[in-house]
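Chains, contacts and geometry: an overview
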Amino acid sequence: MLIGNRPCRIYGEAHAEYLLLQMTGEHELQSMESEIAAIAQSAHHFLFAAVPVESWNDALSPWEAPAVWGKQGFGGKAADTLRFLTERVIPTLKQQYPLPENVKIILGGYSLAGLFALWASTQTDPFYGIAAASPSVWFPEWMKFEQQHPIQAQRVYLSLGDKEENTKNAVMAVVGDNIRTLHSRLIERGADCTLEWNSGGHFKNADLRTAKAFRWVMEEHA
């Protein structure tokens, strides 16, 4: 389905209680079917939209930052991406599908898309929940920013691979401490939040980890 010239992949069913949105890069599309199959193990009805981004590092970074690996830095164009999501994608999906007026919108993603989801929830409030799998919370100045602009979603899933903080890259090595701090902050503020540790490094089972994130946000927690 084309939304503003972007080929968005739509899965799930139209009469859904949850609308799941995920910003995706080329590298994720081949494993999308397995991710959807894993999300579908949930008892809940959902409509899922995979929204592609052209330049991963630019489109999903909240502000400009230098390269941390390789040569490509971060262009800081997340505000444009969020505008596209709220002004084009969500209204188009509500127009095309008979979604309930009070459909619960969950924004999720992996790695930098996970950071984007968390950041988006500091900017605007249509999101029922955030499903952030291995989010790039090492991103420069993110923790300070979030303290001043708190995440608004009341239901937040965080995860990390248990080997991710063992990197020799000094910028990224703070990811473990940062995600623990973020989890504590959200709990203190009264959010329904969990932090799950997966075995392995950053690139292991990204599709299944993301599916687990979306599933958790859809479940009811006592």
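Keep in mind that this is a model prediction, so the values were computed, not measured.

1. Concerning the overall build of the protein chain
Within the protein chain, the secondary structure is distributed over eight helices and eleven strands. The C-alpha radius of gyration of the protein chain comes to 16 Å, within 12% of the 17 Å expected for a compact globule of 222 residues. Its C-alpha atoms give the protein chain principal-axis dimensions of about 50 × 40 × 35 Å. Within the protein chain, contacts between residues at least 6 apart in sequence are counted, and of these 72% link residues at least 24 apart. Taken as a whole, the protein chain presents about 10100 Å² of accessible surface, with 50% of it coming from carbon and sulfur. Charged side chains of the protein chain number 19 positive and 25 negative; the gap between the two group centres comes to 4 Å.

2. Focus: the packing of aromatic side chains
In this structure the tally under the stated criterion is eleven aromatic pairs. Measuring from ring centre to ring centre gives 6.0 Å for Tyr157 and Trp216, while their planes differ by 50°; the resulting arrangement is tilted. With a gap of 59 residues between them, Tyr157 in strand S10 (residues 155-161) and Trp216 in helix H8 (residues 206-218) connect regions that are remote in the sequence. Among the aromatic residues, those joined into a cluster by ring pairs are Trp63, Phe74, Trp138, Phe139, Trp142 and Phe145.

3. Regarding helix H4 (residues 78-96)
Its 19 residues place the ends of H4 25 Å apart at the C-alpha level, agreeing with the 27 Å of an ideal helix rising 1.5 Å per residue. Where H4 bends most, at Leu85, the angle is about 35°. By the burial criterion, the buried members of H4 are Ala78, Thr81, Leu82, Phe84, Leu85, Val89, Ile90, Thr92 and Leu93.

4. Comments concerning the side chain of Thr24
Take Thr24: it is sitting in strand S4 (residues 18-24). Apart from residues lying up to four places away in sequence, Thr24 is in contact with Leu29, Met32, Ala50, Val51, Pro52, Val53 and Trp56.

5. Quick word on the pattern of salt bridges
Per the stated rule, a full pass over the model turns up eight salt bridges. Here Glu146 makes a salt bridge to Arg189, at a shortest N to O gap of 2.7 Å. Pair noted here: Glu146 is in helix H6 (residues 142-148) and Arg189 is in the loop between helix H7 (175-188) and strand S11 (192-198), with a separation of 43 residues, a long-range link. Taking the relative accessible area as the measure of exposure, Glu146 reaches 0% and is therefore buried. Residue Arg189 is classed as partly exposed on the basis of its relative accessible area, which comes to 36%. Glu165 is paired through a salt bridge with Arg180; the nearest N and O atoms lie 2.7 Å apart. In this pair, Glu165 sits in the loop between S10 and H7 while Arg180 sits in helix H7, placing the two residues 15 residues apart along the sequence.

6. Some words on the nonpolar core
Membership of the largest hydrophobic core comes to 57 residues, with the highest contact counts inside it found for Leu21, Leu118, Trp142 and Leu158. At eight residues, the largest contribution of residues to this core is made by helix H5 (residues 112-123). Ignoring any residue separated from it by four or fewer positions in sequence, one finds Leu21 in contact with Ala49, Leu85, Val89, Ile90, Leu93, Ile105, Ile106, Leu107, Gly108 and Phe214. Of all hydrophobic cores here, the second largest spans 21 residues; its members include Ala38, Ala50, Tyr157 and Val217.

7. Things to note about the sheet that holds strand S8 (residues 104-110)
A sheet is described by the order of its strands in space; here seven strands give the open sequence S3-S5-S4-S8-S9-S10-S11, paired in mixed fashion. On the outer flanks of this sheet lie strand S3 (9-12) and S11, each paired with one strand and no other. On average, each strand axis in the sheet is tilted by 15° relative to the strand beside it, whichever way the strands run. Bridge count for S3 against strand S5 (residues 46-52) is four bridges, and the pairing is antiparallel. Looking at the pairing, Ile10 lines up with Ala49 of S5. Sheet strands in contact with helix H2 (residues 32-39) are S3, S4 and S5, and its direction is about 155° off that of S5. Against the sheet, H7 engages S10 and S11, with an angle of about 155° to S11.

Reading the values: the criteria
- Residues numbered from 1 in each chain as written.
- Predicted model: local features only at pLDDT ≥ 70, side-chain atom pairs only at ≥ 80, totals over all residues.
- Heavy atoms only, no water.
- Helix = DSSP H or I, 4+ residues; strand = E, 2+ residues; numbered from the N terminus.
- Rg over C-alpha atoms; globule rule 2.2 N^0.38 Å.
- Contact = heavy atoms within 4.5 Å.
- Areas by Shrake-Rupley, 256 points an atom, 1.4 Å probe, with all protein chains shown as cover.
- Lys, Arg positive; Asp, Glu negative; His and termini not counted.
- Charge placed at Lys NZ, Arg CZ, Asp CG, Glu CD.
- Phe/Tyr/Trp six-rings, centres within 6.5 Å; stacked < 30°, edge-to-face > 60°.
- Expected span 1.5 Å × (residues − 1).
- Bend = angle between axes of the 7 residues up to and from the residue.
- Buried < 20%, exposed > 50% of the residue type's maximum accessible area, 1.4 Å probe, protein only.
- Salt bridge = Lys/Arg side-chain N within 4 Å of Asp/Glu carboxyl O.
- Core = buried A, V, L, I, M, F, W, Y, C linked by side-chain atoms within 4.5 Å.
- Pairing = 2+ DSSP bridges.
- Axes fitted to C-alpha atoms, helices over the stretch in contact; angles between N-to-C directions.

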